[in-house]
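For reference, the chains in residue letters:
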Amino acid sequence: MDTERRRRFEQYRASVAGPVENALLDELGAGELDRAEFLRRATMFGLSASMIGAALEAFGHAPLAFAATERGTAGGRLRVGCIPPPAHGLDPHTYADTGSLVTGNIAGEMLNRTTDKGTLVPELATGWKSNEAATVWTYQLRKGVKFQTGQEMTADDVVATYKRLTDPNGGSQALSAYKGVLSPDGVQKVDKDTVAFHLDAPTGGFPFLTSSTTYQAIILPANYQAGTFEKTPQGTGAFKLTSYTPGVGATYQPFDGWWGGKPALDGVDLKYFSDDAAVVSALLGNQIDLINEVHVSTGRALFNNPNVEIFSAHGATHRLVPMLTDSPPFNDFRIRQAVALSLDRVGIRKRLFNDLADLGNDTPFAPVFPSSVKLPQRHKDIAKAKQLMAAAGESKGFSVQLTTYKAFELPLLAQIIQRSVKEIGIKMSLQILTSTAYYAGSQLGPPKGWGTTPWLNTPINITDWGGRAIPNVYLSASLNSKGVWNASHYKSKRFDSLAKSYVAAVSLKDQRKYAKQLELLLQHDTPAIYPYFYYQLGAGAKRVRGYHADPQGLVYLSHTSLA
Amino acid sequence: MARFLANRLALSIVTLFILSVIVFAATQLLPGDVGRNVLGPFADQKSVDLYNHQVGADRPVLVQYGDWIWKFVHGDMGTSRQYQVSVWSLLGPSLVNSLKLAAEAFVLVVPLSILGGVTAALRRGRLTDRAITITGLSLTAVPEFVSAIFLIVAFGVFLTWLPVNAQWPDGTGVLGQMKYLLLPSLALVMVLFGYIARMARHGTIEALSADYTRTAYMKGVGTATVIRRHVLRNALLPTIAVVATQTGYLIGGLLVIEKLFNYNGIGQRIYIAAQNKDVTMLQSGVLLVGLVYLVATFIADLLYSLLNPRIRFGSAE
């Protein structure tokens, strides 16, 4: 490292970097972080690319390399197949389904973006910093950004957007990310280009919550009216939504005032599909160029096809198999462990995803999270499972019904679990509902209870959970004693306390300390089985260039082109 | 004839009313509510309740039905609870699309089936008859999603002769639209050919063995004339009835075809509305299909009476 670069790096550490940034650099220097983990956390704490590069060099790692974006010829309209269609209107703060978030996010942008590598890159914010306790995060906004209406973006627009996202009475679907973390009053304007987020509780991973991970967090003008997103272009993205027909499709034209310059495409035509076979054949028949999301189980014709490119991003999307801990037959942890040990996870991963997934270890700490601690992997062990059943007084087995719904590979997984537990004497019947019936009923949440909805009240079920950049929501909503989506009704004061400490921890070392304890506790108690975390997959024609899969399934086209 | 028309009109109105009550009642039995279906499983109960209140889904059932039927008879199909836009703005284009697909399928299958059935009857017992009958039966036995996938893979993916999705880009002319609709139409031809051809064959065989046909031959009338003037008009009577009953299926029952060919037809609209308990869309869609079906059977009855003088002069049952 040359002298001048080292001098600037040391000056940064002495006078610019705060305690959080310096702690991160110390962790890198002490060898507690590898290169990938450092990159992820450095972007989370808002370190600039030059400082990241300098730090890597200073501590003897390979320098940052910037690969040129693979770019095709300028021009052409990209035809995108989106499955499924949006379920309702397109107000960003209400997005809860794939169709809506894909449609809206082609035209809108957030303060920052999570890449397919799990790092954060600036978007409408150019930098962010936290105080030492991670309770106040200050964001510097990008200057000169225009909305598609022509107005310039300022802190007022960001404040208004986040007040809408955190309003408990406004129908915001982002509350799952922000409840307990940020309240409307906590979003404050510092000056025209600076916003401060005063959090309700310390949250070390807050920058991920302002990124594309929270796909509702599209920045809109302060005077945005609900119900107008599909009628008037008003995002800041490279493409304007110029027409939208529910259930049919949408079209986008390039936005001349985009802060990133001129996009390579002449426009985007989005077509909605409700059938996997139809969207796969559309790509193979050259009627579309890109599919937002494909699955191994329904898109086998695409894999190993020489004319198709598969895009993948590691993420934390998974299937949760909770078991009711407060009533028989699963109120004994030994029985829950026995069920977990009856599964051949390697075989399941091969069968359902052709190995395009990470093995789950019955905790929500997916391998993609830097704070995850790698415990010995649980594998199939029928002998031990039978011992546990006997110790719990159920050597003869019992009958139980597993409930899930007809989507993706869920019915297949249900059949696999049914066959697996048969080996330890459990007679499992299957109840495969429609998604409407599975999620029907009321969801009240503690202390009132969990309502009547099947997915929160059946002895054992399978539910799909979308990916997140940090595991905080999984810990608070699905496993906390007061979690509104605690389908296993798991109650552990120790868990609640450790989860709170984990969320508040800023340094990776502390996060790992709590993560390890949480993982060990969950493996012992096994309130739920996490069989795998599958990769987010997209597919496109070979002529599509510069496209990357998004861990949350967004379709980001600002740097995409056609060869 | 006027009395006939008036009777049919009155019956149609009663039929549609009963249909609307049945569908509305059946919808109430569906699980879930529109708020939960639209906002998703992770929305909090308060948001769901608010949504249901905003769209009027929490009102008493009779009030909801009364409100809807009152507006419907005044030409207002209401607002989609799911999409919050006028129902007609979505159903209208879907209905037009379904009519286009039905028309193309009709134009292909009806002449082909009648020709096949009449030919089979004229060559009864011979190889041609066997070939047409067996082919028709085999195609009918194959589910439409199987034949549709075969057509998509063969003609769309491997040969790339035809588009695999039926929804044409904006600005496509009539001939272009027909090209996009050719594959789904062929799938429907494969499903319907056997049934219609069998009816035509049966009707033709009966007419060929009738006294009036024998008389015509004995008078020295040529075969072509006998077929055209005496046999066909009697042979096609049952075929007309069969074709009319298939109209309802062709308009509103093509969900599988519409999904596989990604075609914005009324079948898919109704299905999505049922899934999400979008009652206004569902009711209006079903009534529209019912209306089209009634019009089709009415036209079939008119044609029947034109071909059968006994109906016209009121002497038949």
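Residues numbered from 1 in each chain as written. Chains lettered and ligands numbered in written order. Predicted model: local features only at pLDDT ≥ 70, side-chain atom pairs only at ≥ 80, totals over all residues.

**Q** Quick one: what's the story with the overall build of chain A, residue by residue and with numbers?
**A** Helix and strand counts for chain A stand at 17 helices and 23 strands. Whereas a compact globule of 563 residues would reach a radius of gyration of roughly 24 Å, chain A reaches 24 Å, a difference of no more than 12%. Judged by the C-alpha coordinates and their principal axes, chain A covers about 70 × 55 × 45 Å. Out of the 563 residues in chain A, the part that is buried amounts to 53%. Long-range contacts, defined here as pairs at least 24 residues apart, represent 69% of the contacts in chain A between residues at least 6 apart. (Helix = DSSP H or I, 4+ residues; strand = E, 2+ residues; numbered from the N terminus. Rg over C-alpha atoms; globule rule 2.2 N^0.38 Å. Buried ≥ 20, exposed ≤ 12 C-beta atoms within 10 Å, placed from the backbone. Contact = placed C-beta atoms within 7 Å.)

**Q** Hey, could you go over unusual backbone geometry for me, with residue numbers and the actual values?
**A** The linkage connecting Ile83 of chain A with the following residue, Pro84 of chain A, adopts the cis geometry, with an omega of -5°. Structurally, the position occupied by Pro84 of chain A is in the loop between β1 (77-82) and α5 (98-107). Pro328 of chain A connects to Pro329 of chain A through a cis peptide bond whose omega is 5°. Tracing the sequence through the fold places Pro329 of chain A in the loop between β13 (318-322) and α10 (333-341). One non-glycine residue, Asn262 of chain B, lies in positive phi territory at about 50°. Secondary-structure assignment places Asn262 of chain B in the loop between α12 (255-260) and α13 (266-275).

**Q** Any chance you could break down the nonpolar core for me, citing the residues and the numbers?
**A** One finds Val268, Leu283 and Tyr502 of chain A together with Leu188 of chain B to be the most contacted residues of the largest nonpolar core, which totals 241 residues. It is helix α9 (residues 182-208) of chain B that contributes the most residues to this core, 14 residues altogether. The contacts of Tyr502 of chain A, once residues within four sequence positions are left out, are Leu475, Gln511, Tyr514, Ala515 and Leu518 of chain A. (Core = buried A, V, L, I, M, F, W, Y, C linked by C-beta atoms within 7 Å.)

**Q** Now, about helix α12 (residues 382-391) of chain A: what can you tell me, with residues and values included?
**A** Residues and elements named next belong to chain A. Inspection of α12 places Ala385, Leu388 and Met389 among the buried residues, and these make up the whole buried set. Taken end-on, α12 shows its buried residues confined to a sector of 100°, consistent with a single buried face. Buried-residue contacts for α12 involve α10. One or two steps after α12, the chain reaches Gly393, where phi turns positive at roughly 80°. (Arc of directions from axis to C-beta.)

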